[in-house]
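If you want the building blocks of each chain, they are given just below.
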Number of protein chains: 2
Amino acid sequence: MSELLEKCASAKAAAQRLVSVSTEVKNNALEAIAAALNERSDEILAANRLDLENAEANGIRRAMIDRLTLTKERIKNIADGVLQVKALADPIGEVTGMWTRPNGLQIGRKRVPMGVIGIIYEARPNVTVDAAVLCLKTSNASILRGGKEAIASNTAIMRIMQDAAYGAGIPEGTLNIIEDTSRETATQLMKMNGYIDMLIPRGGKGLIKSVVDNATVPVVETAAGNCHVYVDGDADPGMAEKIVMNAKVQRPSVCNAAETLLIDKSAANEFVPVIFNALREAGVEIRADEASRAIYSDGVAAASEDDYYTEYNDYILAVKLVDGIDEAIAHINKYNTKHSEAIVTSSYEKAQKFLNEVDAAAVYVNASTRFTDGFEFGFGAEIGISTQKMHARGPMGLEALTSIKYIVYGNGQIRG
Amino acid sequence: MSELLEKCASAKAAAQRLVSVSTEVKNNALEAIAAALNERSDEILAANRLDLENAEANGIRRAMIDRLTLTKERIKNIADGVLQVKALADPIGEVTGMWTRPNGLQIGRKRVPMGVIGIIYEARPNVTVDAAVLCLKTSNASILRGGKEAIASNTAIMRIMQDAAYGAGIPEGTLNIIEDTSRETATQLMKMNGYIDMLIPRGGKGLIKSVVDNATVPVVETAAGNCHVYVDGDADPGMAEKIVMNAKVQRPSVCNAAETLLIDKSAANEFVPVIFNALREAGVEIRADEASRAIYSDGVAAASEDDYYTEYNDYILAVKLVDGIDEAIAHINKYNTKHSEAIVTSSYEKAQKFLNEVDAAAVYVNASTRFTDGFEFGFGAEIGISTQKMHARGPMGLEALTSIKYIVYGNGQIRG
């Protein structure tokens, strides 16, 4: 039997047993995992050195080496994250509604685990822990398939988590990592219908497209973010500047950062010079339409149609003047990736219109798009940000890792 | 532009406009559709005759011709179904939760349409109406792709629905049927990412497998039902007989009918003769294991391993004796399709154990599996029964055709 099939079968069997594991046992296991990660950090660091040596030998670029690198302190932060998940309420078992039918049947809707969750991700060893413990907290078995660049680190981390969790009473087979990091095995994982109940890709555009194109198991598409801030003619200019700058430069590499700024023409003469100066001071490259360059062109490139479709994840911002809120909404709904969109306005009517008509996971009035995040939303954790509409949308907390089951109490009812 | 791409683009544009259409306008459109179906039934019947003539010329089997046939009365029933959907509460716009974060952001979770829903189905013209009106009620645009056997009927029905709905203020492009019934076009529909937000196959195993294997858009898998009734040693024999007979013979062709009967060994000597006699009298072919044939073998075939995997949808029942509830649950979780499962027992402990440990969309104590249905569950309607765990599970009512959006009210918040 292949490694993949063996681990899928073992995860499926474990998932069946996990439905009878109590919250207490799961929490004890999470505590044991956190402790073991700290206690055995030397093992993890030794494995991580192997990955780093390989990365350097293979000429991997600096940014990826940074993401790959673990230290005692980073491991402690990861372990602290496990304790935060432990502290969250267990969503499993909650009956979110129960009703009685005229024939006396009592029907309840109960929150249950998904079963087996597959996660395909790139070279961040912290995802190995995050993903495994979020699945464990929700009584799901997990099959992780991380990038080959982090395989030594991931395997060491997984061994430590397995020892700790299984020692605390979690069924063997609950936690799995695929050690064969070939592309073929990843593609096979995407087609394990009957074993995988949900597959979550975490990573760049290429990875997500590959999963969406190849998977036959149910997928939650995550995280491309072509986000906009629209500064309305009725905006407070100070608030608008603060929000635009935060959405663009506070952390440009992430999916909830802004990529295009739309400005109402009626505010442009005053606002364009102010915001372009501030952006340039912060080192942001501006790519703007002709109308805004007519107001301020110094060091400002011309935007192409492509720019409006681009998620830069960098110190670059596209800019366009629009003729009021209708054009702003039409532009956003045409170019966005349904992630996070913000309006800055003092108009009640336009705020409501923007909230209603913009199609995105999170729509903001007078706040930065940067808040689209499981922690910032109060979910305590997240496994990714869904940009599809099925199953989960926006930050995916613990509930996004659950399904439901109808439990029906009868006393002899048959259908007439 | 191909017919498919044109209709997808037009549906996407309509979906955007549908978010601003009121419940009143939608309900008026549903009433107009119901009226028009009755008033223009001669048009539908003329088209239906074309389909029936083709079916007979092509030697289509009797059962399919029955499903294809429309009469004035059947059209009236379909129109009455539209009025029932009109009477349901509109789920769109409900804010199912709102909370305030420490930084003052108010975050609400609002129910919104999916956008564009694709439905691929076989030769039942009533599905054309059901699917279109359930999507319309939930402010979704729909793209229907029915079987070629019903294309004349479906096209006539669609034209009538479009006239009625667009006349009542629904945006043009909301209702679509693909007139090109080639397999290639169906496969293209499954890959229209960026246009189709959810794809629902309704039909037989082959259709569903084709959609699951080929689709790159999000899919809800529906309706294969290999359902079980487990008669426990603590069951009331009279209740058990009534439930088994109802689950098997009340309507054997549907997905929530029982396909395998499991009997606790401790009850077998008494229960096997009673139930086998009753089944044979009802014309049910029994395929049983050796242990039950040792009790009653007259006219009872031997069950093969394959029988336990088979959804007969017919007057056939597989039977197996099991050694108590653990073996029953293990058998069900191995062979079932996660649809509907029932236990008959008077034991509180075993009832709870069965509800907890059996993995299925609907799990019953002391009731027939035949109740897994949107109407029987009180949802008022259904578009299918999901057998996957993502997004929706069990009967899919109006809520299953919705997504959510986070609406965030700020007053200048930025992320630190």
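All residue numbers refer to position in the chain's written sequence, counted from 1. Lettering for chains starts from A, numbering for ligands starts from 1, and both go in the order in which the items are written. Residues qualify for local features only when their pLDDT is at least 70, as the model is predicted, and side-chain atom pairs are given and counted only at 80 or more; totals for whole chains, interfaces and linings, by contrast, use all residues. Think of the side-chain values as coming from all heavy atoms in the structure, minus any hydrogens and water.

### Describing the relation of the copies chain A and chain B
Here is step 1: Superposition of the copies was done by least squares, using only C-alpha atoms of residues whose pLDDT is at least 70 in both. Note on the identical chains: chain A maps onto chain B by a rotation of 180 degrees and an axial translation of 0.0 Å, with an RMSD of 0.0 Å. Look at the turn and shift together and you get a two-fold axis relating the two. When C-alpha positions in chain A are compared against the rotation axis, the closest is assigned to H391(A), at 1.8 Å.
Here is step 2: Note on contacts: a residue pair is in contact if any heavy atoms of the two residues lie within 4.5 Å. An overlap of 100% is found between the interface residues of chain A and their copies at the interface of chain B, pointing to a shared contact surface.

### Here's the deal with the interface of chain A and chain B
Here is step 1: Taken residue by residue, the interface counts 76 residues in chain A and 76 residues in chain B.
Here is step 2: Where chain A abuts chain B, roughly 6100 Å² becomes buried across the two surfaces, and 51% of that area is made up of carbon and sulfur atoms.
Here is step 3: Any carboxyl oxygen of Asp or Glu within 4 Å of a side-chain nitrogen of Lys or Arg constitutes a salt bridge here. Remark: the boundary between chain A and chain B carries four salt bridges.
Here is step 4: Of the charged contacts, one joins R415(B) and D373(A) as a salt bridge, the two residues approaching to 3.8 Å between their closest N and O atoms.
Here is step 5: In the analysis that follows, any N or O atom pair within 3.5 Å is treated as a polar contact, provided that within protein one partner can donate a hydrogen and the other can accept it, and provided that, for residues neighboring in sequence, both atoms belong to side chains. For the pair chain A and chain B, the number of links is 51 residue pairs in polar contact (both at pLDDT 80 or more).
Here is step 6: Helical segments are the DSSP runs of H or I of at least four residues, strand segments are the runs of E of at least two, and each set is numbered from the N terminus. Secondary structure elements with two or more residues in the side of chain A that touches chain B: β2 (106-113), α9 (205-214), α10 (237-249), α15 (348-357), β13 (362-367), β15 (394-395) and β16 (402-413) of chain A.
Here is step 7: Looking at the side of chain A that touches chain B element by element, the count peaks at eleven residues for β16(A).
Here is step 8: Under the scheme applied, nonpolar residues are Ala, Val, Leu, Ile, Met, Phe, Trp, Tyr, Cys and Pro; charged residues are Asp, Glu, Lys and Arg; polar residues are all the others, including Gly. When the residues that make up the side of chain A that touches chain B are grouped by side-chain class, the tally is 36 nonpolar, 24 polar and 16 charged.
Here is step 9: Think of it this way: DSSP has to see at least two bridges between two strands before they count as a pair. By the bridge criterion, five bridges tie β16(A) to strand β13 (residues 362-367) of chain B in an arrangement that is parallel. Considered in β13(B), the bridge of Y406(A) is made with A362(B). By convention, the term buried area covers the 1.4 Å-probe accessible surface removed from two parts as they join, with the contributions of both added.

### A closer look at the sheet that holds strand β4 (residues 141-145) of chain B
Residues and elements named next belong to chain B.
Here is step 1: The strand order across the open sheet built from four strands is β5-β4-β3-β6, with neighbouring strands paired in parallel fashion. Each edge of the open sheet carries a strand with a single partner, namely β5 (175-177) and β6 (198-202). Put simply, the sheet's adjacent strands are angled 15 degrees from each other on average, direction ignored.
Here is step 2: All axes are obtained by fitting lines to C-alpha atoms, using only the stretch in contact for helices, and the reported angles, taken between N-to-C directions, cover 0 to 180 degrees. Of the strands in this sheet, β3 (116-121) and β6 are in contact with helix α9 (residues 205-214), which crosses β6 at around 160 degrees.

### Let's talk about the pairing of strand β12 (residues 340-344) of chain A
Residues and elements named next belong to chain A.
Here is step 1: Only protein chains enter the accessibility calculation, which uses a 1.4 Å probe. A residue is then buried if its area is under 20% of the maximum for its type, exposed if over 50%, and partly exposed in between. Taking burial as the measure, the five residues of β12 include five buried ones, the bulk of the element.
Here is step 2: Alternating residues of β12 divide into S340, A342 and V344 and E341 and I343, and every residue in both groups is buried.
Here is step 3: In this sheet, β12 lies alongside strand β7 (residues 227-231) in parallel orientation, the contact comprising four bridges. Paired with Y230 across the strands is I343, a residue of β12.
Here is step 4: In this structure, β12 lies alongside β13, joined through four bridges in parallel fashion. By the bridge assignment, I343 is partnered in β13 with V365.
Here is step 5: Handedness of a crossover is defined as follows: with both strands directed away from the viewer, a clockwise route from the first strand across the helix to the second makes it right-handed. This β-α-β element, β12 to α15 to β13, shows right-handed connectivity.

### Considerations on the nonpolar core
Here is step 1: By convention a nonpolar core is built from buried Ala, Val, Leu, Ile, Met, Phe, Trp, Tyr and Cys residues, the set being connected through side-chain atoms within 4.5 Å. Grouped together as the largest cluster of nonpolar side chains are 140 residues, with contacts concentrated most on L37(A) and L37(B).
Here is step 2: Among all residues touching L37(A), those that are not within four sequence positions of it are I44(A), I75(A), I78(A), A79(A), V82(A), V129(A), I157(A), I160(A) and M161(A).
Here is step 3: Formed by 40 residues, the second largest nonpolar core is a distinct cluster that contains I404(A), V244(B), A278(B) and A342(B).

### Considerations on the pattern of salt bridges
Residues and elements named next belong to chain B.
Here is step 1: Following the criterion strictly, the structure yields 60 salt bridges over all chains and no others.
Here is step 2: With its nearest N and O atoms 3.8 Å apart, the salt bridge here joins E179 to K7. Of the two residues, E179 sits in the loop between β5 and α8 (183-189) while K7 sits in helix α1 (residues 3-18), which places them 172 residues apart along the sequence.
Here is step 3: Exposure remark for K7: the relative accessible area of 18% places this residue in the buried category.
Here is step 4: In this structure, K320 and E327 form a salt bridge, with 3.5 Å as the shortest nitrogen-oxygen distance.
Here is step 5: Judged by its relative accessible area of 29%, E327 falls in the partly exposed class.

### Focus: the packing of α10(A) against helix α11 (residues 265-281) of chain A
Residue and element names in this part refer to chain A.
Here is step 1: In contact at an axis separation of 11 Å, α10 and α11 are set at 35 degrees when each is read in the N-to-C sense. α11 is crossed by α10, and the crossing has right-handed handedness. Counting all contacts with α10, which are made through P237, A240, E241, V244, M245 and K248, the residues of α11 involved are F271, V274, I275, A278 and L279.
Here is step 2: Taken together, the residues that form the contact of α10 with α11 break down as nine nonpolar, no polar and two charged. Note on convention: the crossing is left-handed when the near helix lies turned anticlockwise from the far helix by less than a right angle, right-handed when the turn is clockwise.

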